[in-house]
Each structure stands twice: as C-alpha cells, then as structure tokens.
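Here are the chains, one letter per residue:
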Amino acid sequence: MKKTVKKEALIALIENLMKDHEVVSPVETAGKGVFYRKIDKAKDVYLGPAFAVEPVKKFFLHPSEWICGCNKEEGTASPCPVPADDKKRVIFGVRPCEARGLVLLDKIFAPDDPAGYQDTSYIDNRSRSVIVGLACSVPDRTCFCVSLDGSPVETRGMDAVLFDMGDNFIVEILTEKGKSILGSLPGTIDAGSEKALEAAKEKTKKLVVKTVKAPDSLDASFKSDYWKKVSLSCLSCGVCTYLCPTCHCFDLVEEERKKLRCYDGCAFPDFTLETSGENPRPTKKERYRQRVFHKFDYFKKNFGENLCVGCGRCIRFCPVKIDISEVAAGAPIK
Amino acid sequence: MSALGTDSMKDDKKMAADGGFEPNIVGFLCNWCSYAGADLAGTSRMQYPPNVKIIRVPCSGRVNPLFILKCLMDGADGVLISGCHIGDCHYSEGNYYARRRFAVLKNFLEYIGIDPRRFQMSWVSAAEGDKWAKVVKEVVEDIRNAGPNTISAEKK
Amino acid sequence: MIEEIRQKAKELLAASKVDMVIGYRRSGDGVSTVPAFIDSAQDVDSLVWDQNCVYNLANYLREFPGKKIGVVAKGCDARAIVVLLQENQLERENLFIIGVECGVTDISEKCAACPRTVSAICDILIKEKGRKSGAPGNEKDAYAAVEALEARRAEERLGLWREEFSRCIRCYACRQVCPMCYCPKCVADQTMPAWFSKATSLEGNFAWNVTRAFHLAGRCVDCGECERACPVGIPLRDLNKKLEKEAKELYKYEAGSSVEAKPLFASYDKDDPKDFIK
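Remember, it's a predicted structure, so these values are computed and weren't measured experimentally. (Residues numbered from 1 in each chain as written. Chains lettered and ligands numbered in written order. Predicted model: local features only at pLDDT ≥ 70, side-chain atom pairs only at ≥ 80, totals over all residues. Heavy atoms only, no water.)

Visitor: An account of the overall build of chain C is requested, with residue identities and associated values reported.
Guide: Of regular secondary structure, chain C possesses 8 helices and 5 strands. Each helix and strand of chain C, ordered N terminal to C terminal, gives the series α-β-β-β-α-β-β-α-α-α-α-α-α. A compact globule built from 278 residues would reach a C-alpha radius of gyration of about 19 Å, and chain C, at 20 Å, matches this within 12%. Summarising its shape, the C-alpha atoms of chain C cover approximately 60 × 40 × 35 Å along the three principal directions. Expressed as a percentage of its 278 residues, the buried residues of chain C come to 59%. Residue pairs in contact within chain C that sit at least 24 positions apart in sequence constitute 67% of those at least 6 positions apart. For chain C, the exposed area adds up to about 11,800 Å²; of that, 50% sits on carbon and sulfur atoms. Each charge class in chain C was averaged separately, 41 positive and 42 negative side chains, and the resulting centres sit 1 Å apart. (Helix = DSSP H or I, 4+ residues; strand = E, 2+ residues; numbered from the N terminus. Rg over C-alpha atoms; globule rule 2.2 N^0.38 Å. Buried < 20%, exposed > 50% of the residue type's maximum accessible area, 1.4 Å probe, protein only. Contact = heavy atoms within 4.5 Å. Areas by Shrake-Rupley, 256 points an atom, 1.4 Å probe, with all protein chains shown as cover. Lys, Arg positive; Asp, Glu negative; His and termini not counted. Charge placed at Lys NZ, Arg CZ, Asp CG, Glu CD.)

Visitor: Before we move on, can you summarise the interface of chain C and chain B with the specific residues and values?
Guide: Taken together, the contact pairs 42 residues of chain C with 43 residues of chain B. Carbon and sulfur atoms supply 68% of the area that chain C and chain B bury against each other, a total of about 4,000 Å² over both sides. Of all residues in chain C, Trp195(C), Phe276(C) and Lys278(C) give up the largest surface area on contact with chain B, accounting jointly for 21% of the area buried on that side. If you look at where chain C meets chain B, you find 2 salt bridges. Measuring nitrogen to oxygen at the nearest pair gives 2.9 Å for the salt bridge that ties Arg100(B) to Asp272(C). Here the side of chain C that touches chain B gets 8 residues from one element, more than from any other, and that element is helix H6 (residues 202-215) of chain C. Here the residues of the side of chain C that touches chain B are counted per class, giving 27 nonpolar, 2 polar and 13 charged. (Buried area = accessible area lost by both parts, 1.4 Å probe. Salt bridge = Lys/Arg side-chain N within 4 Å of Asp/Glu carboxyl O. Nonpolar A, V, L, I, M, F, W, Y, C, P; charged D, E, K, R; others polar.)

Visitor: Would you mind going over the sheet that holds strand E10 (residues 250-255) of chain A in detail, with residue names and values included?
Guide: In space, the 4 strands of this open sheet follow the order E5-E4-E11-E10 (chain A), with antiparallel pairing throughout. Both edges of this open sheet fall to strand E5 (79-80) and E10 of chain A, since each of them pairs with a single strand only. (Pairing = 2+ DSSP bridges.)

Visitor: Give a detailed account of the state of the cysteines, specifying residues and quantitative values.
Guide: According to the stated counting rule, one finds 1 disulfide over all chains in the structure shown. For Cys33(B), the disulfide goes to Cys84(B), at an S-S distance of 2.5 Å. Between Cys33(B) and Cys84(B), the S-S torsion sits near 100°, and that sign places the bridge as right-handed. A residue pair is termed long-range when its members are at least 10 positions apart, and Cys33(B) in the loop between strand E1 (25-30) and helix H2 (34-43) and Cys84(B) in the loop between strand E3 (78-83) and helix H4 (94-111) qualify at 51 residues. Lacking any disulfide linkage, Cys311(A) is separated from the closest cysteine sulfur, that of Cys97(A), by 5.1 Å. Note on Cys178(C): no disulfide assigned, nearest cysteine sulfur contributed by Cys181(C) at a separation of 4.2 Å. (Disulfide = S-S within 2.5 Å.)

Visitor: Quick one: what's the story with the sheet that holds strand E9 (residues 168-173) of chain A, residue by residue and with numbers?
Guide: All names here are of chain A. Spatially, 7 strands are ordered E1-E9-E8-E7-E6-E2-E3 in an open sheet, and the strand pairing comes out mixed. Across the chains shown, the open sheet's two edge strands, defined by having one partner strand only, are strand E1 (2-6) and strand E3 (33-38). Looking at each pair of strands side by side, their axes are set apart by 25° on average, direction ignored. Each of E3, strand E6 (89-94) and strand E7 (129-134) touches helix H2 (residues 96-109); the most contacted strand, E6, lies at about 130° to it. Along the sheet, helix H5 (residues 191-207) contacts E1, strand E8 (160-164) and E9; its crossing angle with E1, the most-contacted strand, is approximately 90°. (Axes fitted to C-alpha atoms, helices over the stretch in contact; angles between N-to-C directions.)

Visitor: Before we move on, could you go through the interface of chain C and chain A and cite the residues and values that matter?
Guide: Listed per partner, the contact involves 34 residues of chain C and 32 residues of chain A. When the buried area of chain C at its contact with chain A is split by residue, Arg167(C), Ile169(C) and Pro231(C) rank highest and sum to 19% of it. The interface formed by chain C and chain A holds 4 salt bridges in total. A salt bridge links Arg141(A) to Asp29(C); its shortest N-O distance comes to 3.3 Å. Elements that contribute at least two residues to the side of chain C that touches chain A include exactly strand E2 (33-38), helix H5 (173-176) and helix H7 (225-229) of chain C.

Visitor: Explain the nonpolar core residue by residue, including any values.
Guide: Among the nonpolar cores identified, the biggest contains 184 residues, and Ile68(B), Phe102(B), Ile112(B), Ile22(C) and Ile81(C) are the most heavily contacted of them. Not counting residues up to four positions away in its chain, the partners in contact with Ile68(B) are Val63(B), Val79(B), Ile81(B), Phe102(B), Leu105(B), Leu109(B) and Phe119(B). (Core = buried A, V, L, I, M, F, W, Y, C linked by side-chain atoms within 4.5 Å.)

Visitor: Any chance you could break down a negative patch on the surface for me, citing the residues and the numbers?
Guide: Together, Asp19(C), Asp39(C), Asp43(C) and Asp45(C) line one region of the surface with negative charge. Checked against the element boundaries, Asp19(C) lands in the loop between helix H1 (2-14) and strand E1 (20-26). (Patch = residues over 30% accessible without salt bridge, like charges linked within 9 Å, V, L, I, M, F, W, Y side chains within 5 Å.)

Visitor: For the pairing of E6(A), give the residues involved together with the corresponding values.
Guide: Side-chain direction in a regular strand flips from residue to residue, so the side chains alternate between the two faces of the sheet. Residues and elements named next belong to chain A. In terms of burial, E6 is largely enclosed, as 6 of its 6 residues are buried. Pairing analysis gives 3 bridges linking strand E2 (residues 22-29) to E6, with the strands arranged parallel. Looking at the pairing, Val24 lines up with Ile91 of E6. For E6 and E7, the ladder comprises 5 bridges, and the chain directions are parallel. Note that in E7 the partner of Arg89 across the bridge is Ser129.

Visitor: How would you summarise the pattern of salt bridges if you had to cite specific residues and measurements?
Guide: Once the charged atoms of two side chains with opposite charge are near each other, the side chains can pair. Under the defined criterion, the tally for this structure stands at 52 salt bridges over all chains. The closest approach of N and O atoms between Asp323(A) and Lys210(A), which form a salt bridge, is 2.6 Å. Highlighted residues: Asp323(A) in the loop between helix H9 (313-317) and helix H10 (324-329) and Lys210(A) in the loop between H5 and helix H6 (226-231), separated in sequence by 113 residues. Here the two residues Asp323(A) and Lys210(A) agree in accessibility, since each one is buried. A salt bridge links Glu11(C) to Lys8(C); the nearest nitrogen and oxygen atoms lie 3.0 Å apart. Here Glu11(C) and its partner Lys8(C) are both found in helix H1, 3 residues apart, which amounts to about one turn of the helix.

Visitor: Provide a residue-level description of helix H3 (residues 65-73) of chain B, including the pertinent values.
Guide: A large share of H3(B) lies buried, amounting to 9 of its 9 residues. Of the positions making up H3(B), those classed as buried are Pro65(B), Leu66(B), Phe67(B), Ile68(B), Leu69(B), Lys70(B), Cys71(B), Leu72(B) and Met73(B). Residues of H3(B) that are buried make contact with E1, E3, H4 and strand E4 (119-123) of chain B together with H6 of chain C. Two or three places before Leu66(B), at the opening of H3(B), Asn64(B) has a side-chain oxygen 2.8 Å from that residue's backbone nitrogen. Downstream of H3(B) by a residue or two, Gly75(B) has a phi angle that is positive, lying close to 105°. (Polar contact = N/O pair within 3.5 Å; in protein donor to acceptor, adjacent residues only side chain to side chain.)

Visitor: Break down the domain arrangement of chain C for me, citing the residues and quoting the values.
Guide: You'll often see interface size given as the accessible area lost when the parts meet. All names here are of chain C. What the domain assignment reports for chain C is domain 1 (2-126) and domain 2 (139-266). Computed from C-alpha atoms alone, the centre-to-centre distance between domain 1 and domain 2 is 25 Å. Each partner contributes residues to the interface: domain 1 has 21 residues there, and domain 2 has 26 residues. Regarding the contact of domain 1 and domain 2, the summed buried area is about 1,900 Å², with carbon and sulfur atoms giving 56% of it. Counting across the interface, domain 1 meets domain 2 through 1 salt bridge. Class assignment for the residues of the side of domain 1 that touches domain 2 results in 12 nonpolar, 4 polar and 5 charged. (Domains from an automatic or database assignment.)

This is how it looks when you write it as structure tokens:
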C-alpha cells in the first residue's frame with residue numbers, strides 16, 4: 001500500500017507517536033555527522049541524504065549490553081534481574097543496507113529454526129521495534145550494495161519505507177506492524193507519482209557506481225601471502241567492525257556485579273588472545289583475513305549469503321582507507 | 001567488581017548527621033615522610049577531619065595519574081597526594097618527577113571541567129604532624145566547598 | 001618532487017641500503033592515497049606525493065624490527081620519529097628518513113599553525129620545486145581553540161567534553177593510529193586491575209579519552225591523526241594541544257624537537273612550578 005504524504009504530515013505523525021512510543025531517528029550533529037538518537041522533538045528527525053555514522057545495529061545489539069547481574073549482599077549473592085525495556089519503539093530513516101543487515105543478524109540471533117540459538121534481548125529488541133526505512137536517493141561513492149544482492153531502494157527487513165520525492169514522501173507500508181504506525185496517514189497515490197517513483201528507483205540504482213565481484217569461495221587463498229600484503233597498512237582498530245551493520249562479535253566483561261556483552265572486533269590483537277598467552281591470530285595477516293573470510297566465505301557456507309551488505313562504512317571510515325571490496329575481489333582463488 | 005576496592009565509595013557516600021556533605025577523599029601518602037607525619041598527628045592526638053582515606057605508597061613519584069582518574073571516576077570527591085619535601089626524597093628525586101607530572105595533570109583536569117580543588121598535593125615531613133592536620137583541614141574544607149563529585153554521576 | 005622521492009627510493013632499494021620503503025600510493029578511488037610498502041625497486045613508480053598524503057607513516061616503523069626501512073616523512077611525521085628514537089623504540093641506523101617539505105597546500109587544519117620546519121633528523125630533504133618554502137604557520141593561532149575553551153566556565157567545559165565523549169564508540173582508532181601509542185598492553189585493555197569501564201558508558205568513555213590524552217603529554221607531536229581517524233568527530237586535538245601548551249609554558253618543552261633531550265616526564269628541574277603544592 002503506497003500513499004503520497006506531505007513532509008509536515010509525517011513530522012506531525014512523529015510528534016504524535018512520541019506520546020506512547022520511543023522514537024529513534026537519525027539526527028544531524030553539526031560538524032560531526034549524522035547519528036541515530038532517541039528523539040524528544042519531532043523536528044530533530046533528519047531524513048536527508050547523509051548516512052548515519054553508526055548503523056542502526058546498535059539498537060538491537062547494544063554496544064555494551066547488560067545481560068545479567070547479581071545483588072550486593074553480605075556473604076551471599078543472588079541474581080538480580082536486568083531491567084527490561086519493553087516500550088514500543090519506532091525507528092525512522094533506516095537505510096536499505098542497514099535493514100538488510102538486520103535480516104542477516106536475524107539468522108544468527110533469531111533463527112527460524114526454534115532449536116537454534118535464540119537471543120532473548122535481540123529478539124525483544126526486534127519485536128518491540130517498527131522499522132520505517134528510508135530509500136537512498138544519493139548513494140555514496142563507497143556504496144556497493146548492488147553488487148551484493150542489494151539495492152539502494154529495496155525494502156527487506158523494513159515494516160514501511162519512505163521515498164523522498166522532493167516536497168513529499170511516498171510511503172509504502174509493507175507489514176502489519178508498519179500499518180499500525182503509518183496506517184493513519186492520510187493520502188493516496190496517483191498513477192503519475194507511481195510512475196515517477198519507479199523512474200526514481202531505477203535512476204538511484206544506477207547511481208551506485210562501485211561494483212565488486214565477490215568470489216564464491218575464498219578457500220584457495222587461505223594460505224596466500226596476499227593477506228599479509230593487504231593487511232600491512234591495517235592499524236588493528238575497531239572502526240570497520242564497530243561500524244559494520246552485520247559484524248556482531250562480542251566480549252563478555254564483568255564490571256561491578258554486572259556481566260556486560262560489549263562489542264569486540266577481530267582486528268584487535270586481544271580478540272583471540274588466550275589465557276595461556278597463545279594467540280591463534282598473532283598478526284594482522286590472520287586478523288584481517290578473518291574479517292574478509294567471515295564476510296565473504298564462512299557466512300556464505302553456513303547461511304548461503306555474504307555477511308556484507310555493501311554499505312561502504314568500513315571503507316569510508318577506515319583511517320587508512322582499506323577497501324574490503326577490492327581486497328575480497330582481488331583474493332587469489334585460483 | 002573493582003580491583004582497587006573503591007567500589008563501595010559510591011554506595012557509602014555519607015551524609016553528616018545534619019544532612020551536610022561529607023567529602024570522601026583518597027590520600028596517597030609516601031611511606032617515608034607523609035605517612036609517618038600522619039602517624040605522628042595520630043599519636044600526638046591531634047584533631048582533624050576523618051575524611052581522608054589513606055593509601056600508602058613508596059614515594060609520591062610512584063603515584064600514577066591513572067590512580068587519580070580512577071578515584072575520581074569511582075566517586076571520590078577529591079584526591080590528595082602527599083610526599084617528602086623537595087630535597088628530602090628517600091629515593092633522591094621521586095618527588096621532583098611527581099611535581100612535574102602533577103602540575104600538568106592539575107591544569108589538565110581543570111581544562112576538562114573537573115574542579116581543580118578536587119586534586120591537591122602537599123609536602124609533609126615525618127616531623128610535621130601538625131602540618132598534616134592543617135593540610136587535611138584545608139583540603140577537606142576546599143573539597144566540601146567544591147561539593148559532591150558529579151563526574152561519574154551518570155554511572156548506574 | 002615525486003620524481004626525487006621515487007629516485008631516492010629506487011636508489012635505496014637497488015643498492016639494498018633498505019629492505020623496504022614506506023611511502024604513499026594512490027588508492028582505488030583514484031583520489032586519496034594509502035600507505036605503500038615497497039620492497040622492490042621496480043615498484044617505486046607507484047609512489048605518489050600530494051596533499052592527500054595525510055597518514056603519519058612513523059606509526060608503521062616499529063612493525064619491522066631488525067629491518068632497514070626507508071620512510072617518507074613530513075615535518076610532523078619526522079617529529080614523531082624523533083620521539084620514538086628518544087624513547088628507544090627505533091634504531092636510528094635502521095632508518096633512512098626521506099624528509100618531504102610540505103608546500104603551501106594545507107593537508108588539514110593542523111597545518112595552519114605548523115612551523116613548517118622539517119626536522120634535522122632527515123637523511124635527505126626533498127623540497128617542493130618552484131615554490132618558496134611554505135610560510136610558517138601562525139603560531140599565535142596554534143592555541144586559539146584551547147584558549148577559547150579555557151575562557152569558558154568549568155561546568156561548560158565539563159558539559160562540552162561529556163557531550164563529545166558520549167559519542168565515543170571505543171573503537172580505539174585514536175590509539176591505533178598514533179605512533180606514540182605503543183604500550184604492549186594498553187591500560188584500556190587491562191583487566192587486572194580494570195582501570196576503567198570497557199563499556200561505552202559515559203564514564204568509561206570519559207576515562208579513556210582523558211587517559212589517552214594525558215599519556216601523550218609531552219609526547220604528542222600534533223600530527224592530528226587521532227582526530228582524523230575518529231569516526232565520530234571528537235576534537236581530540238583540543239585535548240592534545242592543551243597538554244602541548246602546558247609543556248611549553250611550564251617547562252619550555254616541545255615534543256619531537258631533539259633526540260638527545262630527556263622526555264618531559266623523565267626529567268625535572270629544581271625550579272619547576274611549585275605554587276600548587278601545600
């Protein structure tokens with residue numbers, strides 16, 4: 001179901017939603033970029049072309065999530081419940097690549113197979129959230145979603161999607177959840193707008209210029225010196241993993257009677273360091289190779305898809321501009 | 001979990017009987033001068049506020065700036081470092097290094113918005129029990145005026 | 001200029017005077033550059049030099065112990081090498097420093113107040129042809145941002161830094177990109193004791209950023225890489241510059257000016273400031 005909606009009408013709806021929902025949206029911070037924030041003023045909502053620095057992932061896999069704890073008592077310990085946040089939440093402005101990242105994360109934290117590992121906090125976060133996507137209109141030159149079975153205007157993982165048509169948004173409602181939030185918006189769509197939308201979609205897809213030929217399997221390259229060469233400039237920081245919409249590795253940290261699940265990344269030397277002092281991934285070569293393999297090989301073997309959605313963040317923000325798309329495509333697999 | 005055992009500080013922030021603010025202060029005292037000076041103040045039955053919790057260190061030069069940050073982040077209202085007078089260091093020059101390092105730290109803490117009164121230094125010799133009592137009185141008063149530490153207020 | 005760099009690199013590699021030359025090459029996007037690690041004379045033609053050569057290559061030098069390395073170094077990079085030598089992290093005889101004089105083209109904001117003097121540590125200095133040496137930056141402006149902040153009220157400063165640090169994602173790019181951050185086990189990674197929270201809480205972020213900055217007191221050469229690498233735009237240089245200013249004002253110390261000088265906090269003077277001590 002599609003309808004043409006005035007931008008003011010959408011802002012008014014958000015204002016109204018905030019009464020009984022938690023509303024999250026990209027917010028522009030002057031000179032720093034765009035960041036997803038819980039908002040308290042509808043006018044803060046940023047639905048422009050700039051991409052958020054951090055992907056929406058952090059609202060589902062929190063950077064440091066409190067998973068269990070215990071009370072402080074003399075001589076004994078008793079478990080203390082982690083406060084559950086079950087308020088309904090609407091997240092606006094989620095880009096197609098980020099939404100697709102969530103679809104991939106679902107495979108790990110909320111698999112269809114009920115016998116698989118079901119992550120309660122992830123599932124709670126998913127079920128209490130309604131995702132109102134925003135189709136891209138100006139892809140960045142580092143974007144390469146089209147090469148990875150994605151598109152700047154696709155809707156997988158969204159409950160509703162907004163298309164920016166200049167003065168208006170075209171709203172497409174995709175699920176019941178989406179209907180419950182945006183169903184009340186007045187408006188219809190005429191044939192002319194429908195046609196304009198299709199034309200705009202095609203045009204945007206063509207704007208994604210970066211293409212990558214991701215190999216089917218990287219197996220043959222595992223022992224190659226190639227990995228040493230491409231990882232020479234890597235700094236071993238966490239930018240690429242923390243800003244990735246699909247990276248989900250974590251470390252369990254204990255702090256003041258709390259157990260926290262904090263983001264961790266394969267680029268850090270400590271990530272695989274064992275208590276004995278042995279480190280199975282002792283150099284940048286093994287660590288960087290792991291990241292590329294996880295994205296373009298291991299995950300594909302387990303789930304049939306690449307674990308990369310082509311959002312381009314790791315390329316945009318890498319302090320030394322390592323380009324994972326070039327690295328993966330150039331791997332010596334023969 | 002808190003390796004330095006400062007965990008309880010936040011929970012135990014005491015209010016005086018009249019509801020006034022009683023600052024919680026961590027003191028790093030060098031073994032050779034200030035610790036002995038504080039000891040002398042005690043054995044001489046000098047009266048001074050009980051707000052400074054003393055940690056004995058070999059030398060004021062042993063104090064790592066991280067110690068101060070850790071204290072302030074874990075809820076201490078102030079930190080006092082005390083060592084031998086310049087020239088009297090048991091290790092000849094430890095307090096010279098401390099002085100240099102902490103002059104910069106004090107200004108830096110002020111720059112990031114931490115009240116400079118929360119970080120204090122003194123030289124107290126083993127014979128200066130009276131000076132120790134005086135320093136503590138002054139420091140407690142200073143930090144009382146600075147008010148409770150809110151740097152880590154958002155910590156849950 | 002680039003021809004001279006390539007020529008020198010070729011010469012060094014061909015004569016086996018160095019095992020590798022670290023410089024800059026063009027990245028896949030055709031505009032920006034990436035660090036280049038060249039170990040054969042045939043590959044030197046991929047070296048480039050322009051205003052996109054932002055990286056401080058001194059950061060990589062410690063990764064090749066025992067090897068002879070030629071490195072392309074801007075003024076700020078050369079200062080970083082000086083500090084690393086001062087702290088016994090590098091062997092001078094294993095380095096060949098190809099100093100490059102930045103032109104008037106500014107690489108970034110930091111360049112505005114750069115003294116533009118390339119350290120005497122360089123083995124060869126390559127100047128930009130047809131151009132006068134870049135005019136020294138305005139020293140007075142060097143601390144403009146710091147002074148503006150100093151003039152504000154303490155609560156405002158705390159609020160401002162809290163706001164900035166609240167965005168920190170603890171990716172440690174600032175640490176990894178810094179040539180001076182080479183501790184084998186960073187305090188941020190230590191668990192016994194855990195010096196500060198590993199969570200991206202405001203408290204942990206505050207402690208991390210303050211600790212990082214203070215550990216660079218008297219060591220930071222203002223290459224500005226931390227601020228450039230920070231994905232969330234924390235003005236880290238404003239912290240570093242404050243410490244640089246303190247070192248200069250209190251102790252007349254400038255990091256990266258001399259290999260022989262004792263590091264700031266590994267030395268003292270009998271007349272150091274003492275007014276703050278009771």
